[in-house]
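A closer look at the structure
What follows is each chain in one-letter form.
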Amino acid sequence: MNGTQWIIFILIVQVIHFLGTWKLYVKAGRKAWEAAIPVYNAIVLMQIINRPKWWVILLFIPIINLLMFPVIWVETIRSFGRNSKLETWIVVLTLGFYIYYVNYSLDVKYIEDRSLQPTTAAGEWVSSILFAVVAATLVHTYFIQPYVIPTGSLERTLRVGDFLFVSKFHYGARTPMTTVAAPMVHDTLPGLGVPSYLKKPQLPYFRLPGFTKVERNDIVVFSWPADTVRVFFKKEKGVDKPIDKKSNYVKRCVGVPGDSLEVRDGYVFINGKQLELPKSAKPQFDYTVYSAKGVSSKILDNLGVTDFTRKYLSGQLNQNQANAINPYLMGYKPTDNGQLELYTKSSGIPSNVISKYGFALKEITDRQRTVPLTADMVASLRNNPNIDSVVQQVVEKGRRGINLFPQSPDYPWNYSQMGPIYIPQKGATVDLNLKVLPLYKKIIKEYEKNEISVSGNQISINGSPATSYTFKQDYFWMMGDNRDHSEDSRAWGYVPENHIVGTPIFIWMSFDNFTEGISNWRPRWDRIFTTVNGDGEPQSYFKYFLILLVAYFVGNWFWKRKKDKK
C-alpha cells in the first residue's frame with residue numbers, strides 16, 4: 001500500500017469507529033464529534049475506559065496493536081456494564097463490531113468508577129499473560145531478538161549452537177511491514193506449518209533512528225534476499241514472502257555502499273586493498289593436508305577441526321552391532337574382500353560403544369584430507385613433523401562456478417575469484433548496457449520495483465529507453481567467514497538496506513553437538529556471555545555474571561534474615 005492508500009484506509013477506520021461509538025461517547029459525558037477526530041478520539045476513549053493515555057501509542061505500533069485492539073474492545077463494553085463472558089467472546093470474535101449493537105440497540109449506562117481489577121483468578125492470569133506478551137513482543141520487535149546459529153557459514157567466528165542476542169536498535173529498528181502477523185514468531189506458526197502472517201495490507205519500509213550505520217566487517221543479521229522457501233531442505237514451489245518475513249541470515253558485511261569489491265584467491269579486496277579483518281574474526285578456507293604416513297584424525301581432533309570424515313574398516317556386523325552403530329554412521333560400503341567401510345563424522349564412534357558391542361574396527365587414515373582450517377590451525381599443522389604439506393584449495397581465475405551471482409556467462413566467476421563489483425550507493429548513477437545489466441537487473445526489478453524490457457540492444461525501464469540507472473537505496477555485500485562453505489552474496493548478490501535486521505551483541509549460551517539432539521548438547525563454557533563484534537579478541541563476561549548472581553542471592557538471604565528478626 002502506498003501513502004495515499006494508507007490515508008484512505010485510516011480514514012475508513014475512523015469512520016467505522018465513529019459510527020460504532022458516538023452514542024457511547026455521549027453517554028460517557030463527551031461530545032459526539034470527539035469520536036470522529038483521529039488520535040484525539042483514542043485519547044478520549046482511554047479516559048472513558050479509565051486506562052492510561054500512553055496506551056494510545058500502543059494502538060499505532062504494528063503487531064502490538066493487534067494485541068491491544070481486542071483489549072480495547074472488551075474494555076469499552078465493560079465500561080458500559082457488559083461484563084459477561086459471552087459478550088466478551090462475542091466482541092472479540094466479531095472484531096469489535098458487537099460494539100455497534102451495544103451502541104444502537106442496548107440501553108446502557110456508563111460506569112465511571114468501575115473496578116479495573118479482574119474479578120476471578122483466571123481473569124488475573126489472562127491479564128498478566130496478555131501484558132507479558134505485549135511487553136515481550138515490543139522488545140522482540142524493536143529492541144532485542146534472540147537468534148541461534150544453525151549452520152557453519154561463520155565458523156569459527158560464530159559456531160553452530162551459539163545462542164545470540166541481536167540488537168535491532170544499533171542500526172535503528174525496522175518497523176514491521178507486515179501488519180497482520182502472530183506475535184513473537186517469524187514466518188510459520190509452530191506445530192501447524194502454516195504462514196504466521198497475511199500478505200496484505202503492507203506498510204511502507206521505515207527504519208527508526210539508530211546510533212550507528214552498518215560498517216565494513218560488522219556481523220549483520222538480515223532478511224535473506226533470495227528467500228522463497230516455505231520449508232528449508234524441501235523441494236517445492238517457491239513462496240513469495242514479504243521482506244520482514246523472509247528467513248534471517250547472519251554474515252559478515254565485507255562491502256558497504258560505494259565500495260569496489262574483488263575476491264582474489266578467496267580473499268576480499270576493497271578498492272584495491274586486501275580487507276583487514278578484526279582479531280575477533282576466525283576465517284576458514286579449505287586446505288588439503290598431506291602426510292605420507294596418513295593424516296591422523298587425532299591430529300585434526302586435537303586442533304579442534306570438526307568438519308572431516310572418519311573411515312573405519314570392519315568385519316561383517318550382526319543385527320545388534322548394526323543397530324548400535326547406526327546413529328553414528330554417515331554411510332557405508334562393502335569392500336571386495338567382504339569387509340565394510342564405515343564413514344562417520346569427526347566425532348567417530350564412542351569407545352564405550354565399541355567395547356560394549358565387541359566391534360573389531362580399524363581406522364583408515366588417508367594420506368591426504370581436505371578440511372576447513374583457520375590461519376592458526378594451518379600454522380600448527382605446518383609445524384607438525386608428521387605433516388608433509390598444507391595447501392589451500394583455490395579455484396583458478398576464469399573457471400565459472402555453478403549458481404553464482406550474477407548468473408551470466410559473461411561473468412566466469414567462482415567462490416575464489418570474483419569481481420570487481422561495484423556495491424550500489426543510494427543516489428549513485430551507473431551506465432546501463434547489456435553487459436552490466438545482469439549485475440543490477442535484480443535491484444532494478446525486484447528490490448526497487450521497476451519494469452525492465454530489452455529489445456535488441458535497447459534497455460527500457462518502465463517503458464522508457466534507459467542508458468543509466470540511479471539507485472534508490474543502499475546495498476551491502478555479505479560473506480561468511482567459513483569462506484568455502486557459505487552461501488552468501490557470492491551466490492545471490494547484494495543485500496538491500498531495507499533487508500537489514502540488526503547486529504549480534506553477545507553470545508548468551510553455546511552448545512557443542514547442537515544438531516545431534518538435545519541429549520547430546522554440551523555447553524561451551526568459554527563462549528557463554530561472550531562479545532561478538534569488535535576489533536579485539538572476544539571478551540567473556542560470564543564470571544562477572546556469576547559474581548552478580550551470587551551477590552544477589554546472598555544479599556537477598558541476608559535481607560530476609562534481617563526482616564525475619566524484626
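Preceding block: the structure.
Below: a short report on this structure.

Calculation notes
- Residues numbered from 1 in each chain as written.
- Predicted model: local features only at pLDDT ≥ 70, side-chain atom pairs only at ≥ 80, totals over all residues.
- Heavy atoms only, no water.
- Buried < 20%, exposed > 50% of the residue type's maximum accessible area, 1.4 Å probe, protein only.
- Helix = DSSP H or I, 4+ residues; strand = E, 2+ residues; numbered from the N terminus.
- Arc of directions from axis to C-beta.
- Contact = heavy atoms within 4.5 Å.
- Patch = residues over 30% accessible without salt bridge, like charges linked within 9 Å, V, L, I, M, F, W, Y side chains within 5 Å.
- Areas by Shrake-Rupley, 256 points an atom, 1.4 Å probe, with all protein chains shown as cover.
- Salt bridge = Lys/Arg side-chain N within 4 Å of Asp/Glu carboxyl O.
- Core = buried A, V, L, I, M, F, W, Y, C linked by side-chain atoms within 4.5 Å.
- Pairing = 2+ DSSP bridges.
- Axes fitted to C-alpha atoms, helices over the stretch in contact; angles between N-to-C directions.

Right, let's get into helix α11 (residues 375–382). Buried residues of α11: Met 377, Val 378 and Leu 381, and no others. One side of α11 carries all its buried residues, which in axial view fall inside an arc of 100°. Residues of α11 that are exposed and point over 90 degrees away from its buried face: Ala 375 and Asp 376. On its buried face, α11 sits against β8 (285–290), α8 (297–303), β13 (368–373) and β14 (389–392).

Together, Ile 8, Ile 12, Ile 16, Leu 95 and Phe 97 make up an exposed nonpolar region whose accessible area comes to about 470 Å². Relative to the helices and strands, Leu 95 resides in the loop between α5 (85–93) and α6 (98–105). The exposure class of Leu 95 is exposed, given its relative accessible area of 57%.

Let us look at the nonpolar core. Met 46, Ile 48, Met 68, Ile 72, Phe 80, Val 91 and Val 102 are the most contacted members of the largest nonpolar core, which has 34 residues in total. Elements supplying a minimum of two residues to this core: α1 (3–27), α2 (40–48), α3 (55–59), α4 (64–78), α6 and α7 (121–142). Ranked by residues supplied to this core, first place goes to α4 with 8 residues. Leaving out residues up to four positions away in the same chain, Met 68 has contacts with Trp 55, Leu 58, Leu 59 and Val 134. In terms of nonpolar packing, the next biggest core, distinct from the first, is built from 32 residues, Val 268, Trp 413, Tyr 447 and Phe 471 among them.

To continue, consider the sheet that holds β14. One open sheet accounts for 3 strands, arranged β13-β8-β14; its pairing is antiparallel. The open sheet terminates on both sides in strands that have one partner only, identified here as β13 and β14. The average undirected angle you get between the axes of adjacent strands in this sheet is 30°. Two elements, β8 and β14, share 4 bridges in a ladder whose sense is antiparallel.

What follows is about the environment of Thr 157. Inspection of the secondary structure puts Thr 157 in the loop between β1 (144–148) and β2 (162–167). You can call Thr 157 buried: its relative accessible area is 9%. Each C-alpha atom, one on Thr 157 and one on Asn 482, is 8.6 Å from the other, the two residues being 325 residues apart in sequence. With near-sequence residues (within four places) excluded, Thr 157 lies in contact with Ile 219, Arg 252, Ser 280, Ala 281, Lys 282, Asp 481 and Arg 527.

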